[in-house]
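Structural overview
Listed here are the chains, written in short residue letters.
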Number of protein chains: 4
Amino acid sequence: MAQKKYEHIQQEAYEANMQLPKLGLVLFTFGNVSAADRALGVFAIKPSGVPYEELTPEKMVIVDFESNIVEGNLRPSSDTKTHAVLYKHWENINGVAHTHSVYATSWAQAQKSIPIFGTTHADHNTVDIPCAPPMSDEMIQGNYEYQTGFQILNWFKENNLSYEEVEMILVSNHAPFTWGKTAAKAVYNSAVLENVAKMAHFTLSINADAARLKDALIKKHYERKHGTGSYYGQQ
Amino acid sequence: MAQKKYEHIQQEAYEANMQLPKLGLVLFTFGNVSAADRALGVFAIKPSGVPYEELTPEKMVIVDFESNIVEGNLRPSSDTKTHAVLYKHWENINGVAHTHSVYATSWAQAQKSIPIFGTTHADHNTVDIPCAPPMSDEMIQGNYEYQTGFQILNWFKENNLSYEEVEMILVSNHAPFTWGKTAAKAVYNSAVLENVAKMAHFTLSINADAARLKDALIKKHYERKHGTGSYYGQQ
Amino acid sequence: MAQKKYEHIQQEAYEANMQLPKLGLVLFTFGNVSAADRALGVFAIKPSGVPYEELTPEKMVIVDFESNIVEGNLRPSSDTKTHAVLYKHWENINGVAHTHSVYATSWAQAQKSIPIFGTTHADHNTVDIPCAPPMSDEMIQGNYEYQTGFQILNWFKENNLSYEEVEMILVSNHAPFTWGKTAAKAVYNSAVLENVAKMAHFTLSINADAARLKDALIKKHYERKHGTGSYYGQQ
Amino acid sequence: MAQKKYEHIQQEAYEANMQLPKLGLVLFTFGNVSAADRALGVFAIKPSGVPYEELTPEKMVIVDFESNIVEGNLRPSSDTKTHAVLYKHWENINGVAHTHSVYATSWAQAQKSIPIFGTTHADHNTVDIPCAPPMSDEMIQGNYEYQTGFQILNWFKENNLSYEEVEMILVSNHAPFTWGKTAAKAVYNSAVLENVAKMAHFTLSINADAARLKDALIKKHYERKHGTGSYYGQQ
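Residues numbered from 1 in each chain as written. Chains lettered and ligands numbered in written order. Predicted model: local features only at pLDDT ≥ 70, side-chain atom pairs only at ≥ 80, totals over all residues. Heavy atoms only, no water.

Here is the rule: UniProt positions are given in the numbering used here, feature names are shortened, and annotations may be inferred rather than shown by experiment.
In the nomenclature of an unreviewed UniProt entry, chain A is known as L-ribulose-5-phosphate 4-epimerase of Hanamia caeni. UniProt, in the comment section headed Sequence similarities (unreviewed entry), describes chain A in these words: "Belongs to the aldolase class II family. AraD/FucA subfamily." The UniProt entry for chain A carries the following comment under Cofactor (unreviewed entry): "Zn(2+)".

In structure tokens:
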């Protein structure tokens, strides 16, 4: 019998997943979102390959941070282990999203970080959006989705990036992953990333020598949204 | 009087055809889908030039694998003979789709196979999406649509491609054809192809030297969806 | 008092104009369509600058082939004289459409004819879609819209093009004009042109050396839709 | 208690803001529009970070031309000071709009003015759409949004541009601002700018050497809409 104690994250994960087609970020089932409850040590994630129009909150699968299925009759997303690794090692995130959105995925396929060209980007973070390099054959042939999580963690560590400041990454030849304090925030980040990826592509098409944003402007825009004296939004 | 025995494939073909405008794959009537019944030795196909909003299941024309009209008052799609040739020679397909979707058609017009740049592609097949060369003048001036079928068959044979693994092709200067176990799967493949074609185009715009996916990753992604130990989807 | 005798072309022009926003061919009021009645020697055309959502059949202005307003309280489209010139000199057209659709207009701004790269194009005509050169300062400073009509007529004459076979043109630095046997056909041609313009742009992005369609295929596709032995559509 | 005397500009600002998502000009809350009443010396502007679906006329914040909040419980748009500066110095505008629309923003990121390539552009103004250079570090670190207003004013002054003829600008590395006699006109200009930006990008992709519009045509198109003998639209 389904346990009531997971209903809130199932509902949260359901609503976040349903935003993906609404925001134009997925074709068919090429995406998944999860929502975690740190106290319970689990997350709710989309079942694998189920069309969005057939999703219900009850169908969300409950998984712990070691990738064990805790509750649910359906098989969880094939990317579940990547979600689990991120939750386990990054203690302040409660939502993870993965899409194959067109422009972000194209940058990942091009194996290029997305240069910070404007304030739309700087409103969200202060660095080029990182693109983790292709995984080694050993990582791929082994526990692939689990290793994908480590590829992300390692790239952040090697490049001194903070997962609390930069809530998105491209995995080379694959596609983007995003995260945040909530599942809704993770999805929001997926949409922002797609928008930034699209504009960076057009920017380079218009001017192949386009310059990165100057430091003063990067700092200003990020701080007006996220600094201690932030004045964007309502509080 | 219309025979009840074809109703199921007429319904299947009707529903599959109606997906084309919904998925943004066609302008006006520039596309057609068919659904076959192997036991009956026939397929149901869209009538030629009839707008999607006027389609009904009853209007689907019943044709055999030699391209003879078996039932129906309307003229079948002008591409009917291509469908018939594919059904006749490829015994395990029951659906064929043809569109002039924008990005896939642009690759066909560019006479380029679509390089395998990412896992979205590798989730569906392990090779560059083949582009059959332009047909000879003799083939064009002869029984054109019939020969288009052979152009596809021959290209698969010459390149040792399996139609059960690679369910899509571009015909140079023309447009894509896709197929599958069902008409719905053929349409699904048309949408995937368009998506992959779009991202491959952007990938090369971002990085003209973008590298093909490494073999280990191609194998991994394809097998997690299609291998014996597949773990994508619900069984 | 409004005369009943123009109601049929007002209705036809109204319906054709309303297709422009539906087909994504116009922003705001940047387009207009007219429908002619040869026996009455007049055409009905969109009033200038009126938003599509406020259009009604009665608001269509009746104009003769010398550009005189015959009936209507509103000012006709600013492009009216171009329509009138085309009707006057090309006796077998009864509809004219003008849009600033994005891709076709971009080709016009680039001052390039659209190369015939595929069968989508060849299904409609057998030549590169012509781009008339920029008009002389004298033509522009004079009776501009009237001269735009002659710019089109002259380009067809100089290049031995038949307006019955090629139902579309780009006017350099301006935008496309299309026409046909009916206003609905003119609008259909605008949508086809936009589609062809889009794919030709992507084709060249993918392969800067893309080859024009071979003659045998041009001929075949055009004839299967338009030749004496045509077999596309329902008769 | 809310004062009735601001209701008309709150309503105007509300309606204009709601056009932004409808016209596809904004993602999430990345845009804002204001409507001024010159007699009252104030303008109504979107509250910061509030989703469009939660907006109501009452939520519009009333601000004076020195950026002081006159009425409203919500924090006004973070770009409020830029609006205030423009209203204060340009006496004949009553509406200002700011978006991060994709193509216009890409030109701003590329730090390029948009060349006048066609009549769609010339119908609205007679010059390249100006791109103000990046602001100095001093301006950014100081009163940033206030200085953004001066960056715009100064660029117009230095280049002898008239804000009544050219109702739009790109701010380098940031995004476009537009204005007009009404808030609705400012939004209209944002949509026109996005459309022109898109076509200019495609024009250069098709022909890297595309020529600017010839002077005679620039003059003609602008005057038929805006000159003393204008004949576009109804009056």
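1. Brief notes about the environment of Val 127 of chain C
Cut-off, in case you're wondering: Under the scheme used here, helices are H or I runs from DSSP no shorter than 4 residues and strands are E runs no shorter than 2 residues, and both carry numbers assigned from the N terminus. Any pair of residues with heavy atoms lying within 4.5 Å of one another is described as a contacting pair.
Looking at where Val 127 of chain C falls in the secondary structure, it is placed in the loop between helix H4 (119-122) and strand E6 (131-132). Contacts of Val 127 of chain C, omitting those with residues within four sequence positions, involve Ile 116, His 121, Leu 161 and Val 166 of chain C.

2. So, the relation of the copies chain C and chain B
What counts, and what does not: Superposing copies: least-squares fit, C-alpha atoms only, residues required to have pLDDT of at least 70 in both.
Between the two copies, chain C and chain B, the superposition gives an RMSD of 0.0 Å; the rotation angle is 90 degrees and the shift along the axis is 0.0 Å. Here the transformation between the copies is reduced to the relation of a four-fold axis. Considering only C-alpha atoms, the part of chain C nearest the rotation axis is Ser 205 of chain C, at 5.6 Å.

3. Regarding the interface of chain D and chain A
How we decide: As used here, buried area is the combined drop in accessible area, with a 1.4 Å probe, of two parts when they are placed together. By definition here, a salt bridge exists when the distance from a side-chain nitrogen of Lys or Arg to a carboxyl oxygen of Asp or Glu is within 4 Å. In the analysis that follows, any N or O atom pair within 3.5 Å is treated as a polar contact, provided that within protein one partner can donate a hydrogen and the other can accept it, and provided that, for residues neighboring in sequence, both atoms belong to side chains. We call Asp, Glu, Lys and Arg charged. Ala, Val, Leu, Ile, Met, Phe, Trp, Tyr, Cys and Pro are nonpolar, and the rest, Gly among them, are polar.
With 34 residues of chain D in contact, the opposing surface of chain A contributes 35 residues. Interface area, chain D with chain A, both sides summed: about 3000 Å², of which 58% is carbon and sulfur. Asp 79 of chain D is the salt-bridge partner of Arg 224 of chain A, the closest N and O atoms lying 3.5 Å from each other. In this structure, the connection of chain D to chain A is made through 15 residue pairs in polar contact (both at pLDDT 80 or more). Sorting elements by how many residues they give to the side of chain D that touches chain A places helix H3 (residues 102-109) of chain D first, with six residues. Counted by class, the side of chain D that touches chain A contains 14 nonpolar, 15 polar and five charged residues.

4. Focus: the interface of chain C and chain B
With 35 residues of chain C at the interface, the matching set in chain B holds 34 residues. For the pair chain C and chain B, the number of links is three salt bridges. At the boundary of chain C and chain B, one finds 13 residue pairs in polar contact (both at pLDDT 80 or more). Looking at the side of chain C that touches chain B, the elements that each hand over two or more residues are H4, helix H7 (183-206) and helix H8 (215-226) of chain C. At eleven residues, the largest contribution of residues to the side of chain C that touches chain B is made by H7 of chain C. Grouping the amino acids of the side of chain C that touches chain B by side-chain chemistry returns 16 nonpolar, 13 polar and six charged.

5. Quick notes on the sheet that holds E6 of chain C
Residues and elements named next belong to chain C. The cut-off we apply is this: Strands are labelled as partners when DSSP assigns at least two bridges between them. Convention adopted: a line fitted to C-alpha atoms gives each axis, helices being fitted over their contacting stretch, and angles between N-to-C directions are expressed from 0 to 180 degrees.
If you trace the eight strands from one edge of the open sheet to the other, you get E4-E3-E2-E1-E5-E8-E7-E6, paired in mixed fashion. Only two strands of the sheet have a single partner each, and these edge strands are strand E4 (69-71) and E6. Strand direction decides the pairing type here: strand E7 (residues 168-171) and strand E8 (residues 176-180), joined by three bridges, are antiparallel. Bridging from a neighbouring strand, Met 168 pairs with Thr 178 of E8. Contacting strand E1 (31-37), strand E2 (42-45), strand E3 (61-64), E4 and strand E5 (95-99), helix H1 (residues 7-22) crosses the sheet at an angle of about 155 degrees to E1. Relative to the sheet, helix H6 (residues 144-158) contacts E6, E7 and E8, its axis offset from that of E7 by approximately 120 degrees.

6. Some remarks on the side chain of Asn 17 of chain A
Residue and element names in this part refer to chain A. Defined as follows: In this scheme, a residue with accessible area under 20% of its type's maximum is buried, one over 50% is exposed, and one in between is partly exposed, where area comes from a 1.4 Å probe on protein chains only.
Its place among the elements puts Asn 17 in helix H1 (residues 7-22). Overall, Asn 17 belongs to the buried group, its relative accessible area being 0%. If sequence neighbours within four positions are ignored, Asn 17 has contacts with Asn 32, Val 33, Lys 46, Tyr 52, Leu 55 and Met 60.

7. Focus on unusual backbone geometry
Even without being glycine, Asn 160 of chain A reaches a positive phi, approximately 50 degrees. Structurally, Asn 160 of chain A is set in the loop between helix H6 (144-158) and strand E7 (168-171). Judged by its relative accessible area of 71%, Asn 160 of chain A is exposed. Residue Gln 111 of chain B is not a glycine yet carries a positive backbone phi of 55 degrees. With relative accessibility at 33%, the residue Gln 111 of chain B sits in the partly exposed group.

8. Concerning the UniProt feature "domain: Class II aldolase/adducin N-terminal" (unreviewed entry) in chain A
Sites flagged by UniProt as "domain: Class II aldolase/adducin N-terminal" (unreviewed entry) map to residues 11-201 of chain A. Across residues 11-201 of chain A, helical content stands at 38% and strand content at 18%; the span's end C-alpha atoms are separated by 36 Å.

9. A few points about the pattern of salt bridges
Evaluated as defined, the whole model comprises 28 salt bridges over all chains. Across the salt bridge formed by Lys 185 of chain B and Glu 167 of chain B, the nearest N and O atoms sit 2.8 Å from each other. A residue pair is termed long-range when its members are at least 10 positions apart, and Lys 185 of chain B in helix H7 (residues 183-206) and Glu 167 of chain B in the loop between helix H6 (144-158) and strand E7 (168-171) qualify at 18 residues. By relative accessible area, which is 12% here, Glu 167 of chain B ends up buried. Members of the salt-bridge network, linked through shared partners, are Asp 79 and Glu 145 of chain A together with Arg 224 of chain B.

10. Concerning helix H8 (residues 215-226) of chain D
To keep things clear, this is the line we draw: Multiply 1.5 Å by the residue count of a helix minus one, and that product is the helix's expected span.
The end-to-end C-alpha separation of H8 of chain D is 16 Å, in line with the 16 Å expected for twelve residues at 1.5 Å each. Here H8 of chain D has its buried residues at Ala 216, Leu 217, Ile 218, Lys 220, His 221, Tyr 222, Arg 224 and Lys 225 of chain D. Of the surrounding elements, those touching the buried residues of H8 of chain D are helix H5 (137-141) and H6 of chain C together with helix H4 (119-122) and helix H7 (183-206) of chain D.

11. Digging into the confidence of the model for chain A
The test is simple: Per residue, pLDDT captures the predictor's confidence, and it can take any value from 0 to 100.
Per-chain confidence: chain A averages 95 in pLDDT, with 98% of residues scoring 70 or above. Interface scoring of the predicted complex returns ipTM 0.95; its pTM is 0.96.

12. What about the packing of aromatic side chains?
Think of a pair of aromatic rings as described by two things: how far the centres are apart, and how the planes are tilted against each other in angle. All names here are of chain B. Stated formally: Note on aromatic contacts: the rings of Phe and Tyr and the six-membered ring of Trp form a pair at centre separations within 6.5 Å, being stacked when their planes are under 30 degrees apart, edge-to-face when over 60 apart, and tilted otherwise.
Across all of its chains, the model carries 48 aromatic pairs over all chains by this definition. On the basis of an interplanar angle of 35 degrees and a centroid distance of 4.9 Å, the ring pair of Phe 43 and Tyr 87 is categorised as tilted. Of the two residues, Phe 43 is situated in strand E2 (residues 42-45) and Tyr 87 in helix H2 (residues 80-89); the sequence distance between them amounts to 44 residues. Phe 43 gets classed as buried once you look at its relative accessible area, which sits at 0%. Between Trp 90 and Trp 179 the ring centres are 4.7 Å apart and the planes differ by 55 degrees, which places this aromatic pair in the tilted class. One end of the pair, Trp 90, is in the loop between H2 and strand E5 (95-99); the other, Trp 179, is in strand E8 (residues 176-180), and 89 residues separate them in sequence. Of the two residues examined, Trp 90 and Trp 179, each falls in the buried class.

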